[in-house]
Structure formats: structure tokens, C-alpha cells
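So the chains spell out like this:
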Amino acid sequence: MKKFYSLFIFFYLMTHCSFGEWVQMPGPHGMKVTSFYQNNNFIFAGTKAYGVFRSSDHGDNWEPANAGIEHTLIYDIISSGNNLIAGVGSNCGFNNIYKSTDNGLHWALTAGLTGKSGFSFAKKGDYVYTVTLDQKTSIYRSSDNGDNWEPVESPITDASKIFVSGDAIIVSEFNFIWRSTDDGSSWDVVEQFALSGVWSYAKSGNKLFAAGLAILYTSTNNGESWEHNIFPEGAYSLSSVGNTIFAGNGKISKSTDAGVTWTLASTGLGIGEIAAILYDSVRVFVSTANDTAGVYVSTNDGTNWKPASAGFFPGSTIRSMITLGGYVFAGMQTDGVYRSTDNGFTWAKVGLNNDSLSRTLVRSFCTKNGDLYAGTTNGVYKSTDNGLTFIRTIIGFPDGGTISIPSLTVSNGNIIASGSTTYTSDAIVGIYYSTNDGASWNQSNFPAISNYISSVASDGSSTVFAGSYGNNLSTNGLFKSTNAGVTWISRTSSINSDIDAIVVKGLNVLAGNSFLGSYVSLDGGEIFFSSSPNGGGIYSYALRDNFIFCSNRGGVHYTTNQGVNWTQANTGFFECPIPSTEALCTNDRFIFAGTDLNGVWRRPLSDFGITGVKNELNIPDEFSLSQNYPNPFNPMTQINFSLPHQSFVNLVVYNILGEEIDILVNEIKIGGDYSVQFDASGLPSGIYFYKLSTGGFNSVRQMILVK
């Protein structure tokens, strides 16, 4: 059935000290999934930053199942009795094991594991076992379906994985495998690996597998002894049914004969480490760490893959951001460039003409005369059509190695790039400049042998600053050029510290260290003093009018006196943990924050009293579902609904028998007023119902189709 969407969202831009706040945008998506588990007709996905999600339709759609553990890392999931059990971690006091009695909708703390997370679970008889990172006791067990936990005495410390095979409990610890056949009363070391620990276990037929780096260990006697098998692809995760087993690292390998032979099965799969696999004999689910789909599914045993991430929150990692004209660009963690044409509300991947850009980490941007430049871990890319297409431009960089560009800036018409070209045994690190808009590059005269040049920055004048990681006092710290990056002088006497970000505005220079904080100069980089915001180090800076914004693990801060004092600006972020902000940029209406694992957020600049910004927002106060109009209708009608804040929205049409006719909306939407068109072409006359569900709000209305 054809559906037409029209979206009317009115964002209000409030004055400083009113009710303005950060709002998380619906994309780019990219949930980082750490574990899968299947139980009671649900597939559960543990995530790295948003607790647990679940799907009741074989992964076509996902919904949050995390009340009580919302912003947490999930290590593993298992069920026992009526309890669903999750190992939970965060830096906000959630390190523990939680249980749910309603298939994940609500979670409660269990007893006996104060401050310790369950990293892995296994069941044997009436017991559920878990392992923790504890120097004294690494193994705990529960005899009441996870309600209470008790320590199991063992010589094992810092255990990582636990598995049950037959009568044996098997535990990984660094390069050791331990085994107990008497429910943990005694333990024996059954294997010590010289090159690789164990990341995952699985059993296929009568063969037990332990996944390691470039080696797959196998046992046919429940782990009493092991064989070493070279496995070039490596394996971080395993899942099996019968004689079929899937192994994942950066790719997926499949065996249908219990590991005797293997074939690659990665067609259509995303990129990045395969953190988790779930195989149920019909479908295979995998999580990929570094693209915005995050979860993929195969219904033909790995022959082909397609994304399966509908309903997940935007959990992607943004490494760089910039605005150009009416566009906002986000550089992703190993997933190329995304672009928004509506101030960050929706995003689309660009640069699809260039596969090498589509699968790389984008670390920096700059613009010149309407052209966009992207610094990546695969060189410099240039776009002349507002980011739609890119070409790689590396003429002049050293040949034969991997070119990485941490930072870009523009100085007096020159494009400046900090770069390193890595070879098998060494690297060439330097600063490069282009006088012809990136067509070719020249290596500048940099007066130090640097390990890494993290940042270059200019305000457009001929003065440029660079931050260097060096081996000693003469190579570590700040460097300066007064001829647009051609030659450089050392200013390490001003700052002799690792520098990760720089911003320049006339004589005002701020240099940030990701751990130590911000250094401020008011005289063009001659003398610096330390002035740091809450949260410690600096990840990025952004300028707007007389404001300097900075970001770090403590969120976003700003200064109006060149960094002498800082004010926190975190209203709207979830409180614990505050999103770690990797990148900042502004346009004439908003400041945008790109985060680690939490996508893109934005806030109106008028919140800070920055003028010249439109006021046009009206966020509703409550959820509502309006009567469709017209009603009766034939065949088109409009359905309006309102959201006071970001929510997962499900809007479904049913017939009078309660049968589902159409799903109009099934995704996360930010607060606002929405309108959806329903097309009833092909349906018979009669009474129909439409239901709006947002997690905590449900509303049903009746409509009449007359033909």
C-alpha cells in the first residue's frame, strides 16, 4: 500500500536562561550491539550504550526493552526460569546483574554482586554461572534463576568467558582455559595459549570451539584437551546449530561440517568487528561495529545480508562535523560521510561514488570557496557538489603507504593537512599544504621529527598552529607557521604537552589536550595559561560570534572571554553518563554535537543569546492523537499526532476484526507535531481503527471509509 508522509515539526529557539536544551537527532543510526539472545519468541540485543532492545518479528523491527538500565552497556544476556538476566555496566553505578520478569520491559537489581558486572553467562543444571573482573573472586553462581548470587571459590582471577559443555564448566582467563567437572569445587588448567586468549565459545556437533586471534581451538572431549587450528580470518564471536557454525571477526566465515572446512559468507555485510552472532537455523544475526546499520540479518545461511536495524536509537559514533551552506556533514567512525539538508533531522550517506571513502574513518573537514575537503584514514577527499560526490586527492604525499589525515584547515588560500604515511615498519609524519585547491600537495618544512601531528588550525590568515606528539621536550607540543604552512617554528616552550585540538581567532589561541584540558593564549601563542572546563580534557572546539565552544567527556562548555572562564551547557543531555562529545560545529541557527555512540545532538544558538537566529518552534506539552480528517474519507485521510519529546512511535491501522492493515510509522521521532497521510485505495468500505503507541502512551481512534 502506498503511504505518503508529510512532516510538520516546529522547533522553538529559546533565549538564554530559558528552557532551551540539547535534542538528540534521529540519525545517523548505528547502534553498537554487543550480544544477542533468543527467548520466548523475542530476539534480544544488548547494546553498548542503550541497554537492551528486543524484536518480536524476527528482527524486522526493534523496540527498547531497557526501563531501569537505559544508558548502560550490556555484556551478555541469558534466561532462567521466568527471569531474563543481563550483565550490565556503566560509569553511573549500574555495574551489576539485572533481571526482568516481563521479557525485558522493566529491569531490577539482583543481589550478591555489588559493583560487579556479569561479563558472560552459562547454565548447568539448576545453576546459572557468571564471570566478573574481580581480582579475588571471578566466578559467581545463582540457584534461584539469578535473583541472588554467591561466589564460587577458584584460583581464577580476571575471567572473561564461561561456557558449559556436558558435565564441564569452562572458563577463559587471559591465555588460560580452566575446567571444572564438579560444579566449581575444583579447577584444572587444561590449556595455555601462547598467542591468543579466547573471546567466544560454541559447540557444533560433538566439537567444542574456542575463538582466538588467527587460531580456532577445538575439543572433542568437553574441553579436557584442545587442538590448535590456524584460522587466518580470526574469530571474535561464534554461533552454531547442529553441524553449521558461523565465526565472525571483520568478516563472516561459515562451516557446514562442524569446522572441517570454511567459506566466507560476507556478501552485503557491513564493516567492522563482528561483536556478536546469533544463528537459529533459519536466520543469522550479526552486529557490525563500524557502520550505521549496526545489525544485519541473513535468511539464506549467510549467502546474502541486509540491514536489520529499524527501531534502534541513533547510536553511531561521529568523529568530525562541519557545515557548508545549508548542509551539515558528519564524518563517521569507519563509515564515510553523512549529510543533512534539514539541520540534522535526517541524514543520508554521500560520496557513494567512491567506495574507498564509504568505508573509511573521516577524522576532519575543511571548506574553501564552496568546496568540501575530508581528511580520512585513507587520504584527502574533495567534493565540488556539496558533498554528493568525492574524489581522492593525494598527489604529493609519499607513495606506497597508508595515508592518514587527522586534521585540515585553510590559511591564506592554502589548504593545510597534518598527515602520516604508514609503512610496514615505519611512518612518515609531516604537514602538507596545497596551493591549488588540493590538486597537488607539498610537504612543509617542519622542524621536528614527530610521532603524530594531531591538529592544525588557522583563522584564515597566514598564521597556522599545529599540535605535535613527540618523543622529547623539543618535539612535543605547539608549532607555528606565519606563511600559510610552508615553514614552521617551534613554540614548545609555550606548550610542551600533547595537543589534540586547536582553535584560532586573531591573537586568541586555545589548545586542548584530551586528558589535561585547555591552554589559552591571548597574544598569538607566545604565552599560555591553563583554563579548563569541567570534565577535564578537550576533544574539539567550535567558534560562533564571540563564543568559543568546546567538548569533552563531560559534554559541551562555552566561553565568552577567550577561555578565561567556562560555563557548562549540558541541558537536555541525559545526565548519566553525559554523552562523550567528539565533534562540534555551528550554522546560523544551531550548534551540533557529534558524540561517541550517541549520534548527533543539536541546540539552538539563541539559547546562548547569539542573535540573528529565527524563533519558530512550538513543542507540544503532551502526547496526543487527533481525529483523522476528513472523516468519513475516500480514499485519502490525514492523521495528526504530537510528541512532547523524542519517542519510539508506532502508528498502525486495523480493520474491524483487529487485523493489521498498514504500519504508517514505526521509528524514533523527536518532539513535535506530525502529519501522516493514509491511502485506503484497494480497501473495502467500512470502519477502521488507528492506534498510536509511544511506549508510555497509547491511543486508539475510529475512522470510516466510504466508497
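Here is what the cut-offs are and how they apply
Just so you know, the residues in each chain are numbered from 1, in the order the chain's sequence is written. Confidence filtering applies because this is a predicted model: local features only for residues at pLDDT of at least 70, side-chain atom pairs given and counted only at 80 or more, and all residues used for totals across whole chains, interfaces and linings. To obtain the side-chain values, all non-hydrogen atoms of the structure were used and water was disregarded. In this text, helices come from DSSP runs of H or I with a minimum length of four residues, and strands from runs of E with a minimum of two, each type numbered from the N-terminal end. Put simply, the radius of gyration uses C-alpha atoms, and a globule should come to 2.2 Å times the residue count raised to 0.38. Whether a residue is buried, partly exposed or exposed follows from its accessible area with a 1.4 Å probe, protein chains only, as a fraction of its type maximum: under 20%, in between, or over 50%, in that order. Any two residues whose heavy atoms approach within 4.5 Å are treated as being in contact. Accessibility throughout is a Shrake-Rupley quantity obtained with a 1.4 Å probe, and a residue counts as covered only by protein chains that appear here. The term polar contact refers here to a pair of N or O atoms within 3.5 Å; inside protein, the definition further demands a hydrogen-donor-capable atom paired with an acceptor-capable atom, and it admits residues adjacent in sequence only when both atoms are side-chain atoms. Only centres within 6.5 Å qualify two rings of Phe, Tyr or Trp (six-membered ring in Trp) as a pair; their planes then separate them into stacked at under 30 degrees, edge-to-face at over 60, and tilted for everything else. Charge over a ring is defined by NZ of Lys or CZ of Arg lying within 6 Å of the ring centre and within 35 degrees of the ring normal. Two strands are said to pair when DSSP picks up at least two bridges between them. Between Lys or Arg on one side and Asp or Glu on the other, a salt bridge is scored when a side-chain nitrogen of the former is within 4 Å of a carboxyl oxygen of the latter. Within this analysis, patches are made of residues with over 30% relative accessible area and no salt bridge. Like charges are joined at 9 Å or less; nonpolar side chains (Val, Leu, Ile, Met, Phe, Trp, Tyr) at 5 Å or less. Cysteine sulfur atoms are paired as a disulfide whenever they fall within 2.5 Å.

(A) Broad picture of the overall build of the protein chain. In terms of helices and strands, the protein chain carries one helix and 64 strands. Rg of the C-alpha trace for the protein chain: 28 Å, near the compact-globule value of 27 Å for 707 residues, within the 12% margin. Each principal axis of the C-alpha atoms in the protein chain carries an extent, and together these give about 75 × 75 × 45 Å. The burial tally for the protein chain puts 57% of its 707 residues in the buried class. At a minimum sequence separation of 6, the contacts of the protein chain that also span at least 24 residues come to 49%. If you sum the accessible surface of the protein chain, you get close to 27,700 Å²; carbon and sulfur atoms cover 48% of it.

(B) A look at the side chain of Ser364. As for its position among the elements, Ser364 is in strand β35 (residues 362-368). Only 3.5 Å separates the side chain of Ser364 from the backbone oxygen of Ile405, close enough to count as a polar contact. In this structure Ser364 touches Ser320, Tyr373, Ala374, Gly375, Ile405, Pro406, Ser407 and Leu408, once residues within four positions along its chain are discounted.

(C) Just the packing of aromatic side chains, in detail. Applying the stated criterion across every chain, the model contains 37 aromatic pairs. Here Trp62 and Phe285 contribute two aromatic rings whose centre-to-centre distance is 6.4 Å and whose plane-to-plane angle is 85°, an arrangement assigned as edge-to-face. Of this pair, Trp62 sits in the loop between β5 (52-55) and β6 (63-64) while Phe285 sits in strand β28 (residues 284-288), and the two are 223 residues apart along the sequence. Of the two residues, Trp62 and Phe285, both sit in the buried class. Site record: aromatic cluster; members linked through ring pairs are Trp22, Phe36, Tyr50, Phe53, Trp62, Phe285, Phe312, Phe313, Phe573, Phe574 and Trp601. Sitting over the ring of Tyr127, Arg141 keeps its end group 4.3 Å from the ring centre. Cation over ring: Arg602 sits above Phe590, and NZ or CZ is 4.1 Å from the ring centre.

(D) Molecular detail of the sheet that holds strand β9 (residues 96-100). Here we have four strands laid out as an open sheet, ordered β7-β8-β9-β10, and antiparallel in their pairing. The open sheet has two free edges, formed respectively by β7 (73-80) and β10 (108-109), since each of these has just one partner strand. Sheet topology note: the β9/β10 ladder contains two bridges and is antiparallel. Bridging across to β10, Tyr98 finds its partner in Leu109.

(E) Highlighting unusual backbone geometry. Omega for the bond connecting Cys576 with Pro577 falls within 30 degrees of zero, at -5°, which places this linkage in the cis form. Of note, the phi angle at Asn386 is positive, near 60°, even though the residue is not glycine. Residue placement: Asn386 occurs in the loop between β37 (379-383) and β38 (391-392).

(F) Layout of the pattern of salt bridges. As enumerated under the stated definition, the model contains eleven salt bridges in all. Across the pair Asp335 and Lys349 runs a salt bridge whose closest N-O atoms are separated by 2.8 Å. Taken together, the residues Asp335 in the loop between β32 (327-332) and β33 (337-340) and Lys349 in strand β34 (residues 348-350) connect sequence positions 14 residues apart. For Asp335, a relative accessible area of 5% gives the class buried. With a relative accessible area of 24%, Lys349 lands in the partly exposed category. One continuous salt-bridge network, built from bridges that share partners, spans Lys480, Arg491 and Glu526.

(G) Just the sheet that holds strand β43 (residues 452-457), in detail. Strand order in the open sheet made by the four strands is β43-β44-β45-β46, with antiparallel pairing throughout. Here the strands that pair on one side only, and so sit at the sheet edges, are β43 and β46 (489-490). Across five bridges, β43 lies against strand β44 (residues 464-469) in antiparallel orientation. From the neighbouring strand, Ser455 faces β44, where its bridge partner is Gly467.

(H) Up close: the pairing of strand β36 (residues 371-376). Here β36 lies mainly inside the structure; six of its six residues are buried. Neither face of β36 is exposed, since Asp371, Tyr373 and Gly375 on one face and Leu372, Ala374 and Thr376 on the opposite face are all buried. Sheet topology places β35 next to β36; six bridges connect them, and they run antiparallel. Bridging across to β36, Cys366 finds its partner in Tyr373. Counted between consecutive antiparallel strands, the loop separating β35 from β36 contains two residues, among which Asn369 sits at a positive phi close to 50°. Inspection of the sheet shows β36 paired to β37 by five bridges, in the antiparallel sense. Pairing of Tyr373 across the sheet is with Lys382, part of β37.

(I) Structural view of a nonpolar patch on the surface. A grouping of Leu522, Phe529 and Val564 is seen on the molecular surface, where their side chains present a nonpolar patch of about 230 Å² in accessible area. You can see Val564 is positioned in the loop between β53 (555-559) and β54 (567-568). Given a relative accessible area of 36%, Val564 falls into the partly exposed group.

(J) Structural view of the environment of Lys136. In this fold, Lys136 is placed in the loop between β12 (127-131) and β13 (139-142). Sequence separation between Lys136 and Glu153 is 17 residues; the distance between their C-alpha atoms is 9.1 Å.

(K) Structural detail: the state of the cysteines. Enumeration over the complete set of coordinates arrives at one disulfide. One disulfide in the model links Cys92 with Cys576; its S-S distance is 1.7 Å. Taking the sign of the S-S torsion, -120° for the link of Cys92 and Cys576, the bridge is left-handed. In this pair, Cys92 sits in the loop between β8 (83-89) and β9 while Cys576 sits in the loop between β54 and β55 (581-586), placing the two residues 484 residues apart along the sequence. Of the residues examined, Cys576 reaches a relative accessible area of 36% and is grouped as partly exposed. Its sulfur unpaired, Cys366 is 14 Å from the next cysteine sulfur, which belongs to Cys585. According to the relative accessible area criterion, Cys366 is buried, its value standing at 5%.

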